Amino acid sequence: MSTIRADFPILDQQVHGKPLVYLDSTATSQKPRQVIEALVRYYEQDNANVHRGVHALAERATAGYEKARLKIARFINAASSKEIVFVRNTTEAINLAANAWGRANLGPGDEVLITQMEHHSNIVPWQLVTQATGATLRYVPITPAGELDMDALDALLTERTKVFAFTAMSNVLGTINPVAELVARAHAVGAIAVVDGAQSVPHLPTDVQALDADFLAFSGHKMLGPTGIGALYGKRALLEAMPPFMGGGEMIREVFMDHSTWNDVPFKFEAGTPAIGEAIAFDAAIDYLDALGMEWVREHEMEITRYAWERLSAIEGLRIIGPGPERRGGLLSFTLADVHPHDVAAVLDMHGVAVRAGHHCAQPIHDFYGVPATARASFYIYNTLEEVDVLAEALERAKALFSF
Ligand code: PLP
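The structure reproduced in this document is the subject of the present report. Just so it is clear, the structure is predicted and the values come from calculations on it, not from any experiment.

With that settled, the discussion passes to the overall build of the protein chain. Tallying secondary structure elements over the protein chain gives 14 helices and 17 strands in all. Over its C-alpha trace the protein chain gives a radius of gyration of 22 Å, about what one expects of a compact globule, namely 22 Å for 404 residues. Projected onto the principal axes, the alpha-carbon positions of the protein chain cover approximately 70 × 55 × 35 Å. When the 404 residues of the protein chain are sorted by exposure, 57% land in the buried category. Sequence-distant contacts in the protein chain: of pairs separated by 6 or more residues, those separated by 24 or more amount to 71%. Surface exposure of the protein chain reaches about 16100 Å², of which carbon and sulfur atoms provide 53%.

In structure tokens:
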């Protein structure tokens, strides 16, 4: 563990005079030196625009950018790197799928099914596209335990359903959904399955072919990579049949005054100059995760989550929402009696502990539990059991401060 921590320069600092305990990786992860160095190396040695140049720098930049695409494809076991579209983040990936596929395939009478546990990034794009096409948006409800209501799902998935879009792991409840089963159920009624992998791809082994997902969206910055780079995986036949989402340079084959023709996939969806250095640094992030092994990542987070569950559950007045530690990813969202979560987070910050407070871009979940906000502690490869102790002690102090 000390060797992992030594790779993350940012962790070696004090906040308000206390060692930093970073428990906000669900929002964004920290970056190892290897990723930072890949970014700096690119800008110091190889910076050029991709695909268009014949000079040495342009060739190096293009080779690095395309190698990153191949690395990402392998990481999620895609059949081909042509199935990986570079985007800025999960949000852009879902917007791309919703607009390009949705506008070409949805109309009045069709239904898009999402769930009550989605991040706003997997709600709002579908609201927009159903409003634009006249399709209807429906939601799978959640149970009080914070899991999908599978009986309700049975009734909601019908031959009218054209898209079933759901998160593989909730960023608030931590719930890990049975992705392969949900995809199979979508396919059984003829719908496509769009999977929000923002929280699952960084934390769990992912095999898109085994899952049979039609689209999978994820962000580099939540898995040790830089901000500004993410990916949309799409089955090749779907990507080829879809019209483009944005127009401009790179995504065209030929442009005439009155019309244009499109480049091959995935370039058809990559209009304009992409985030080249960030893609190359994303490649370095995947190397880092590959060296650890995603099975190890999952086991490490389970150990911390079990321990954190035990420690936090023992605090009087603290309520964790979502399923038990065995059925969730490495995060705990909670309330502390009636203290506002922002106040809890502010007290924790005074102890050097960084957690997030708010609705975490998932208001429907908070409405379901009847709370406006929660505080959320989340764990990644660099967190330790000792840091959970610091969190628990700081929460006890918060409790004493607000005297209940
Ligand atoms: N989906 C889930 C489940 C998330 O947790 C997040 C970010 O927290 C997103 C989507 C959006 O990710 P991004 O902000 O990188 O687009």
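Its volume calculated, the largest pocket comes out at about 340 Å³. Elements that contribute at least two residues to the lining of the largest pocket include exactly helix H4 (90-105) and strand S16 (356-358). Broken down by element, the lining of the largest pocket gets its largest block of residues, three residues, from S16. Of the residues that constitute the lining of the largest pocket, the class distribution is six nonpolar, 15 polar and five charged. The space that makes up the second largest pocket amounts to roughly 220 Å³. Lining the second largest pocket are 17 residues, and of these Phe86, Val87, Glu92, Ala271 and Pro274 lie nearest its centre. Those elements that provide at least two residues to the lining of the second largest pocket are strand S4 (84-87) and H4. Among the residues making up the lining of the second largest pocket, the classes are represented as eleven nonpolar, three polar and three charged.

Moving on to the nonpolar core. Counting residues in hydrophobic clusters, the biggest one holds 72 residues, and the most contacted among them are Ile76, Phe164, Phe218, Met223, Leu224, Ile381 and Tyr382. In terms of residues, this core owes the most to one element, helix H10 (residues 276-292), which gives ten residues. Excluding anything up to four places from it in sequence, Met223 contacts Ser29, Phe75, Val201, Pro202, Phe218, Phe282, Ala285, Ile286, Leu289 and Tyr380.

The rules behind these values
Residues numbered from 1 in each chain as written. Predicted model: local features only at pLDDT ≥ 70, side-chain atom pairs only at ≥ 80, totals over all residues. Heavy atoms only, no water. Helix = DSSP H or I, 4+ residues; strand = E, 2+ residues; numbered from the N terminus. Rg over C-alpha atoms; globule rule 2.2 N^0.38 Å. Buried < 20%, exposed > 50% of the residue type's maximum accessible area, 1.4 Å probe, protein only. Contact = heavy atoms within 4.5 Å. Areas by Shrake-Rupley, 256 points an atom, 1.4 Å probe, with all protein chains shown as cover. 1 Å grid on protein atoms, 1.4 Å probe; cavity = no way out; pocket = protein on both sides within 12 Å on 5 of 7 lines; lining within 4 Å. Points joined across faces, edges and corners; volume = space filled by probe spheres on them. Nonpolar A, V, L, I, M, F, W, Y, C, P; charged D, E, K, R; others polar. Core = buried A, V, L, I, M, F, W, Y, C linked by side-chain atoms within 4.5 Å.

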